[in-house]
Amino acid sequence: EGEVYKYYSDGEWKKSSSGKAVNIVNPTTRKTHFKVQACTQEEVNQVMEIAKSAQKAWAKTPLWKRAELLHKAAALLKEHKAPIAECLVKEIAKPAKDSVTEVVRSGDLISYCAEEGVRLLGEGKFLVSDSFPGNERTKYCLSSKVPLGVVLAIPPFNYPVNLAVSKIAPALIAGNSLVLKPPTQGAVSCLHMVHCFHLAGFPKGLISCVTGKGSEIGDFLTMHPGVNCISFTGGDTGIAISKKAGMVPLQMELGGKDACIVLEDADVDLAAANIVKGGFSYSGQRCTAVKVVLVTELIADDLVAKVNAKVAKLTVGPPEDDCDITPVVSESSANFIEGLVMDAKEKGATFCQPYKREGNLIWPLLLDNVRPDMRIAWEEPFGPLLPVIRISTVEEGIHHCNASNFGLQGCVFTRDINKAMLISDAMETGTVQINSAPARGPDHFPFQGLKDSGIGSQGITNSINMMTKVKTTVINLP
Ligand code: G3P
């Protein structure tokens, strides 16, 4: 109690000159659990300066050496999985086992990125001029991928470690420096993760981590002239950032309203299992969570009964006990979810379970017979609340999916692969999963949102490419 975690700049742990701290409230106890520095704009300026000069030397560091350091960081992260996971439990109430999985997955992501990077960036292009009309073979064109400069990484609360390294590792292997602004809930987990990069021996100033209030340093960071690329994962803030950011490459992964379409020829048990896992893991606080079920009338009763049987088995309680459903991240989030529940109640949705809430803990709730006039048909609860809309035709389901502002992922359950492919083509989402719930991973798969769900594509290979620019030299022969 009382200790304020230091921020990381120029290879050192520092106190902010503001003398102020930001409180991190444990979602379970609703009491302040950690404190981090409230960095100032002046400190952000310093970090940017240092990041700029550190990057110059790093870009000249051989690729294999960059990869070697990343492998070291990956191993250190895995070694420190227990204390980092413990922070995740306290800061974001992620179930204990899932917290460990997040850290291990992050280590694997870093290693994969190092391997992918040495191969991808180890190759360039060589072109000759005489394939284009009017040219002789007098021009040799050499083209390769070079770093952008300083990458700003802003991960969200739901994967503070994993969605930080999914930005850090590609940035570093590609020769960029990195400034990390962690989410408030998850900031201490991020600082521990950064410590692993520190221990791995990366050059001073190459990575920095500034903590603080969004109102003080948020816009200041994203609009900073020293930033050459922004990689953001989160909510609506991403849209505001996109509007304000300068002419730099942006990678944004924002919300989702991932639809699950279940056709009458589906394996209903498989669909039910995936709906419960996809809808309720980490209490629905994933952008790729199943957020609306669209089921054909013929099998709706069967599916709802099977989902309810599985919902009844979900354990509800503290993350320390590794419960399936844990408190949502904040009181305001719980209030927002409750608002959606009340709206659905007024408008006549069928409650498959009674609505129950204690503090930030909300019991899992399936709402049947949801209609398009209910907010829950369109909005993202980011909580353990899942609407079912009964449809009479596949077209109706596709129409609902495409009428959404979001377009992250979607899924379809059917035994007819031809039908599945046609539906996948028709769904305006970055990814469609056939016979499984939406998910970002494995982490080398492309991952992208359409419409308000984001811009740019992620996944290890795409992120490395996105964090580079093409540089060309042409040799002109006499
Ligand atoms: O909500 C963040 C998003 O990236 C989801 O990741 O692994 O839960 O599908 P995942």
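Residues numbered from 1 in each chain as written. Predicted model: local features only at pLDDT ≥ 70, side-chain atom pairs only at ≥ 80, totals over all residues. Heavy atoms only, no water.

Student: I tried to follow a nonpolar patch on the surface on my own but got confused; where do I start?
Tutor: Together, Phe126, Leu142, Ile475 and Leu477 line one region of the surface with nonpolar side chains, adding up to about 340 Å² of accessible area. By the secondary structure assignment, Leu142 is in strand β7 (residues 139–147). Judged by its relative accessible area of 39%, Leu142 falls in the partly exposed class. (Patch = residues over 30% accessible without salt bridge, like charges linked within 9 Å, V, L, I, M, F, W, Y side chains within 5 Å. Areas by Shrake-Rupley, 256 points an atom, 1.4 Å probe, with all protein chains shown as cover. Salt bridge = Lys/Arg side-chain N within 4 Å of Asp/Glu carboxyl O. Helix = DSSP H or I, 4+ residues; strand = E, 2+ residues; numbered from the N terminus. Buried < 20%, exposed > 50% of the residue type's maximum accessible area, 1.4 Å probe, protein only.)

Student: How should the sheet that holds strand β27 (residues 468–476) be read in this particular structure?
Tutor: For sheets, the rule is that strands pair by backbone hydrogen bonds, running either parallel or antiparallel. The strand order β6-β7-β27 describes an open sheet built from three strands, whose pairing is antiparallel. Each edge of the open sheet is held by one strand with a lone partner, namely β6 (125–128) and β27. Going across the sheet, the axis of each strand differs from the next one's by a mean of 25°, ignoring polarity. Relative to β7, β6 runs antiparallel, the two sharing four bridges. Bridge pairing links Phe126 to Leu142 in β7. (Pairing = 2+ DSSP bridges. Axes fitted to C-alpha atoms, helices over the stretch in contact; angles between N-to-C directions.)

Student: Help me out: how do you make sense of the packing of helix α3 (residues 81–92) against helix α4 (residues 96–121) in this one?
Tutor: For any two helices packed against each other, one specifies the crossing angle of their axes together with the interaxial distance. Two elements in contact, α3 and α4, have axes separated by 8 Å at closest approach and are oriented at 125°. In terms of orientation, α3 and α4 fall into the oblique class. Seen along the crossing, α3 lies across α4 with a hand that is right-handed. Residue-level inspection shows Lys81, Ile84, Ala85, Leu88 and Val89 of α3 in contact with α4, the latter providing Ala96, Ser99, Val100, Glu102, Val103 and Val104. (Parallel < 35°, antiparallel > 145°, perpendicular 65-115°, else oblique. Left-handed = near helix turned anticlockwise from the far one by under 90°. Contact = heavy atoms within 4.5 Å.)

Student: Explain the nonpolar core to me, please; I cannot follow it from the model alone.
Tutor: A general feature of soluble globular proteins is that nonpolar side chains tend to end up buried together. Ranked by internal contacts, the top residues of the largest apolar core, which has 62 residues, are Leu70, Leu172, Leu180, Met193, Phe197 and Phe202. The leading source of residues in this core is helix α6 (residues 187–200), at nine residues. Residues contacting Leu180, with those up to four places away along its chain left out, are Ala153, Pro155, Ala164, Ile168, Cys190, Met193, Val194, Ser208, Cys209 and Val210. (Core = buried A, V, L, I, M, F, W, Y, C linked by side-chain atoms within 4.5 Å.)

Student: Help me out: how do you make sense of the pattern of salt bridges in this one?
Tutor: Pairing between side chains of opposite charge can happen when their charged atoms approach one another. Taken as a whole, this structure holds 20 salt bridges when the rule is applied. Arg375 is the salt-bridge partner of Glu379, the closest N and O atoms lying 2.8 Å from each other. You can call Glu379 partly exposed: its relative accessible area is 25%. In this structure, Glu428 engages Lys451 in a salt bridge whose closest nitrogen and oxygen atoms are separated by 3.7 Å. Of the two residues, Glu428 is situated in the loop between α13 (417–426) and β22 (431–434) and Lys451 in strand β24 (residues 450–451); the sequence distance between them amounts to 23 residues. If you follow the salt bridges from partner to partner, you end up with Glu297, Asp301, Asp368 and Arg390 in one network.

Student: Quick question: what am I supposed to make of the packing of aromatic side chains here?
Tutor: Aromatic ring pairs: the centre-centre distance and the angle between the two ring planes describe each pair. Within this structure, the stated rule accounts for six aromatic pairs. Here the aromatic rings of Tyr8 and Trp13 are separated by 4.6 Å at their centres, their planes lie at 40°, and the arrangement is tilted. Overall, the relative accessible area of 5% leaves Tyr8 in the buried class. By relative accessible area, which is 30% here, Trp13 ends up partly exposed. Ring centres 5.7 Å apart and planes at 55° place the aromatic pair Trp58 and Phe202 in the tilted group. Of this pair, Trp58 sits in helix α1 (residues 41–59) while Phe202 sits in the loop between α6 and β10 (207–209); the two residues are 144 residues apart in sequence, bridging distant segments of the chain. Relative accessible area serves as the criterion here: at 9%, Phe202 is assigned to the buried category. Ring pairs connect the aromatic residues Trp58, Phe197 and Phe202, which therefore count as one cluster. Here the guanidinium or amino end of Lys345 rests over the ring plane of Phe351, the centre of that ring lying 6.0 Å away. (Phe/Tyr/Trp six-rings, centres within 6.5 Å; stacked < 30°, edge-to-face > 60°. Lys NZ or Arg CZ within 6 Å of the ring centre and 35° of its normal.)

Student: Before we go on, may I ask you to explain helix α2 (residues 63–79) in this structure?
Tutor: Note: α-helices contain 3.6 residues per turn, so residues at a spacing of three or four share the same orientation. In this model, α2 (17 residues) spans 25 Å end to end at C-alpha, consistent with the 24 Å of a helix rising 1.5 Å per residue. Among the residues making up α2, those that are buried are Leu63, Arg66, Ala67, Leu69, Leu70, Ala73, Ala74, Leu76 and Leu77. (Expected span 1.5 Å × (residues − 1).)

Student: What's the story with the packing of α2 against helix α5 (residues 162–173) in this structure? I'm lost.
Tutor: Contact geometry of α2 with α5 gives a least axis separation of 9 Å together with a crossing angle of 155°. Put simply, α2 runs roughly antiparallel to α5. Mapping the contact onto sequence places Leu63, Arg66, Ala67, Leu70 and Leu77 in α2 and Val165, Ala169, Leu172 and Ile173 in α5. When the residues that make up the contact of α2 with α5 are grouped by side-chain class, the tally is eight nonpolar, no polar and one charged. (Nonpolar A, V, L, I, M, F, W, Y, C, P; charged D, E, K, R; others polar.)

Student: Which parts of the structure should I look at to understand a positive patch on the surface?
Tutor: Together, Lys52, Lys56, Lys60, Lys469 and Lys471 make up a region of like positive charge exposed at the surface. Sorting the residues of the positive patch by element identifies α1 and β27 as the ones contributing at least two each. For Lys52, the position within the fold is in helix α1. (Lys, Arg positive; Asp, Glu negative; His and termini not counted. Charge placed at Lys NZ, Arg CZ, Asp CG, Glu CD.)

Student: Quick question: what am I supposed to make of the site of the ligand here?
Tutor: Inspection of the region around the ligand gives Arg105, Asn158, Tyr159, Leu163, Glu253, Arg286, Cys287, Thr288, Ala439, Arg440 and Phe447 as its neighbouring residues. One of the side-chain nitrogen or oxygen atoms of Arg440 is found 2.7 Å away from an oxygen atom of the ligand. When grouped by side-chain class, the residues that make up the shell around the ligand number five nonpolar, two polar and four charged. (Near = heavy atom within 4 Å. Polar contact = N/O pair within 3.5 Å; in protein donor to acceptor, adjacent residues only side chain to side chain.)

Student: Sorry if this is basic, but what is going on with the sheet that holds strand β15 (residues 350–351) here?
Tutor: Spatial strand order, β15-β18-β19-β14-β13-β21-β22: seven strands in an open sheet with mixed pairing. This sheet does not close on itself; its edge strands, each paired only once, are β15 and β22. As paired strands, strand β18 (residues 365–368) and strand β19 (residues 385–391) are joined by three bridges and run parallel to one another. Residue pairing in the sheet places Leu367 in a bridge with Pro387 of β19. Contacting β13 (258–262), β14 (290–296) and β19, helix α12 (residues 394–403) runs over the sheet at an angle of about 140° to β19.

Student: Explanation requested: the side chain of Gln409 in the structure shown.
Tutor: Checked against the element boundaries, Gln409 lands in strand β21 (residues 409–413). Of the residues examined, Gln409 reaches a relative accessible area of 2% and is grouped as buried. At 3.3 Å, the side chain of Gln409 and the side chain of Gln433 are in polar contact. In contact with Gln409, not counting residues within four places along its chain, are Asp258, Ala259, Thr288, Thr429, Thr431, Gln433, Pro438, Ala439, Arg440 and Phe447.

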